[in-house]
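Architecture at a glance
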Amino acid sequence: MLFRSAGNSVVQFRRLSRIGRLSRPDCVSIQAKRVVLAILAVTAALVGVWASIAPAGFYASFPLPGHPWVSALGPYNEHLTRDVGDLYLALLVVSGWAVLRGTPELLRLAGVAWLVFGVPHLIYHVRHLDMFTTADRVGNVVALGGTVLLATLPVLPTRFGRS
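What comes next concerns the included structure. This one's a predicted model, so the numbers in the text were calculated from it and none came from an experiment.

**Concerning the overall build of the chain**
A tally of regular secondary structure across the chain gives six helices and four strands. For the chain, the succession of helices and strands along the chain, N to C, is α-β-α-α-β-β-α-α-α-β. Sorting the 163 residues of the chain into buried and exposed places 29% on the buried side. A separation threshold of at least 6 residues defines the contact pool for the chain, and within that pool the share at least 24 residues apart is 68%.

Right, dumping it as structure tokens:
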């Protein structure tokens, strides 16, 4: 029963609107945005440090030995591989700063930075999956698609308070 009496209708309406707000995915708390960007920062650190410090190893073995996603796409280029690592390190800095400061604007900016990189990256790889095994195709799409999905959350409107 939605409304029992005229005096109780406001209370019932507030309960329903609270339930509706919690179930809507269009608002994300500051804390959730910080957690998402911290996860993205860790991935940026792993990829960035590896590609910057050991570009040949990154090229030959990323993401795991026996599953060379980078080397399957073309010849080795140290400069390009280091540049990719440095791009990830730049995303690490932006994400880390946003996580530490925690302002809605910085969190949104970091999410947009990840999307500017992640969406074209995903599109490229989705169009170039032919040389991979089924497991590597799935892994590639899940990893890159997951990054785009995570990066979308800090861009959504911020929910303040516990309502």
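**Topic: the nonpolar core**
Formed by 25 residues in total, the largest nonpolar core has its most connected members in Leu 37, Leu 40, Tyr 88 and Trp 114. Those elements giving two or more residues to this core turn out to be α2 (30-53), α4 (78-101), α5 (104-126) and α6 (134-152). Looking at which element gives the most residues to this core, the answer is α2, with seven residues. Residues within four places of Tyr 88 in sequence aside, it is in contact with Ala 44, Val 47, Gly 48, Trp 114, Phe 117 and His 121.

**Looking at the pattern of salt bridges**
Under the criterion given, the structure shown has one salt bridge. Residues Glu 78 and Arg 82 are paired through a salt bridge, measuring 2.8 Å at the closest nitrogen-oxygen approach. Placement of the pair is Glu 78 and Arg 82 together in helix α4, with a separation of four residues, close to one helical turn. Here Glu 78 falls in the partly exposed class, since its relative accessible area comes to 38%. Overall, the relative accessible area of 31% leaves Arg 82 in the partly exposed class.

**Side note on the packing of α4 against α5**
Packing of α4 against α5 leaves a shortest axis separation of 8 Å and a crossing angle of 155°. Put simply, α4 runs roughly antiparallel to α5. Pair α4 / α5 crosses with left-handed handedness. Together, Leu 87, Tyr 88, Leu 91, Val 94, Ser 95, Trp 97, Ala 98, Val 99 and Arg 101 of α4 and Leu 106, Leu 107, Ala 110, Ala 113, Trp 114, Phe 117 and His 121 of α5 make up the contact between the two elements. Of the residues belonging to the contact of α4 with α5, the class tally is 13 nonpolar, two polar and one charged.

**Examining the packing of α2 against α5**
Where α2 contacts α5, the axes come no closer than 10 Å and their chain directions differ by 40°. Our classification of the angle between α2 and α5 gives oblique. In the packing of α2 onto α5, the handedness of the crossing is left-handed. Of α5, the residues touching α2 (which contributes Ile 30, Lys 33, Arg 34, Leu 37, Leu 40, Thr 43 and Ala 44) are Pro 104, Leu 107, Arg 108, Ala 110, Gly 111 and Trp 114.

Cut-offs and rules
- Residues numbered from 1 in each chain as written.
- Predicted model: local features only at pLDDT ≥ 70, side-chain atom pairs only at ≥ 80, totals over all residues.
- Heavy atoms only, no water.
- Helix = DSSP H or I, 4+ residues; strand = E, 2+ residues; numbered from the N terminus.
- Buried < 20%, exposed > 50% of the residue type's maximum accessible area, 1.4 Å probe, protein only.
- Contact = heavy atoms within 4.5 Å.
- Core = buried A, V, L, I, M, F, W, Y, C linked by side-chain atoms within 4.5 Å.
- Salt bridge = Lys/Arg side-chain N within 4 Å of Asp/Glu carboxyl O.
- Axes fitted to C-alpha atoms, helices over the stretch in contact; angles between N-to-C directions.
- Parallel < 35°, antiparallel > 145°, perpendicular 65-115°, else oblique.
- Left-handed = near helix turned anticlockwise from the far one by under 90°.
- Nonpolar A, V, L, I, M, F, W, Y, C, P; charged D, E, K, R; others polar.

Any link to function would need more than the numbers given here.
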